[in-house]
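Commentary on secondary and tertiary structure
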Amino acid sequence: MKSVRLAPETVAELSEAAAWYESQRPGLAEDFLNEFEAVLRLIETRPASFPRLLDAAPDLNIRRAPLSRFPYSAVFIELPAEIRIVAVAHLKRRPGYWLNRVGK
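Please read all numbers here as calculations on a predicted model, not as lab measurements. All residue numbers here refer to positions counted from 1 along the written sequence of the relevant chain. Two thresholds apply to this predicted model, a pLDDT of at least 70 for residue-level local features and 80 or more for giving and counting side-chain atom pairs, whereas whole-chain, interface and lining totals are computed over all residues. Water and hydrogen atoms play no part in the side-chain values, which are based on all heavy atoms of the structure.

Looking at the sheet that holds strand 1 (residues 3-6)
A pair of strands counts as paired when DSSP detects no fewer than two bridges linking them. Per the convention used, a helix needs a DSSP run of H or I reaching at least four residues, while a strand needs a run of E reaching at least two, with both numbered from the N terminus. Across the sheet, 4 strands lie side by side as 1-4-3-2; this open sheet has mixed pairing. In this open sheet, the two edge strands, each paired with only one partner strand, are strand 1 and strand 2 (62-66). Neighbour-to-neighbour, the strand axes of this sheet turn through a mean angle of 35 degrees, independent of strand direction. Where strand 2 and strand 3 (residues 72-78) come together, 5 bridges link them in antiparallel fashion. Each residue of the ladder has a partner; that of Arg63, found in strand 3, is Phe76. Along the sheet face, helix 2 (residues 28-45) touches strand 1, strand 2, strand 3 and strand 4 (82-90) and points at about 145 degrees away from the line of strand 4. Structural elements are reduced to axes, namely lines fitted to C-alpha atoms, with helices fitted over the stretch in contact, and the angle between N-to-C directions of any two is expressed from 0 to 180 degrees. Should any heavy atoms of two residues lie within 4.5 Å, those residues are considered in contact.

Here you go:
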């Protein structure tokens, strides 16, 4: 099983989203982060169960794992040594903004 690592930009996105949810209702950030952690465990154990992104280059193994309760997905790429989360992307905002991170 490959380890899952978050890109630095992903940590910032996760923090920003959690802060917004907390401002909407106390405790909602914890719910969001708990759901994100559950998705990370699924990615770690079954990365191929998530759909590949068709709008990404075909030679890249980029997939998206949606959070069930929140309008976000963990976008990840499976590399030889690890699985890297390249974005915590809102489903309705700026599609593909994270594509420049794939080469990092």
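Now that the structure has been shown, the text picks up again.
A word on the environment of Glu22
Structurally, the position occupied by Glu22 is in helix 1 (residues 8-24). Taking relative accessible area as the criterion, Glu22 reaches 34% and is therefore assigned partly exposed. For the pair formed by Glu22 and Phe32, sequence separation is 10 residues and the distance between their alpha carbons is 9.3 Å. Residues within four places of Glu22 in sequence aside, it is in contact with Gly27, Leu28, Ala29 and Glu30. Buried means the residue's accessible area, taken with a 1.4 Å probe over protein chains only, is under 20% of the maximum for its type, while exposed means over 50%, and partly exposed covers the values in between.

Here we look at the nonpolar core
Counting 21 residues, the largest nonpolar core has Phe32, Phe36, Ile43 and Tyr72 as the members making the most contacts within it. Where this core is concerned, the elements lending two or more residues are helix 1, helix 2, strand 3 and strand 4. Of the residues forming this core, the biggest block, 7 residues, is contributed by helix 2. Ignoring any residue separated from it by four or fewer positions in sequence, one finds Tyr72 in contact with Ala17, Tyr21, Phe32, Pro66, Leu67, Val88, Ala89, His90, Leu91 and Arg93. Side-chain atoms within 4.5 Å link the members of a nonpolar core, which is a set of buried Ala, Val, Leu, Ile, Met, Phe, Trp, Tyr and Cys residues.

Observations concerning the pairing of strand 4
Most of strand 4 sits inside the fold, with 8 of its 9 residues counted as buried. Two strands pair when backbone bridges link them, and strand 1 and strand 4 are joined in this way by 4 bridges, in the parallel orientation. In the strand pairing of strand 4, Leu6 is matched with Ile85. As defined by bridge partners, strand 3 adjoins strand 4 across 7 bridges and the pair is classed as antiparallel. Of the residues in strand 4, the one forming a bridge with Ala74 is Val88. Hairpin geometry of strand 3 and strand 4 is characterised by an intervening segment of 3 residues between the two adjacent antiparallel strands.

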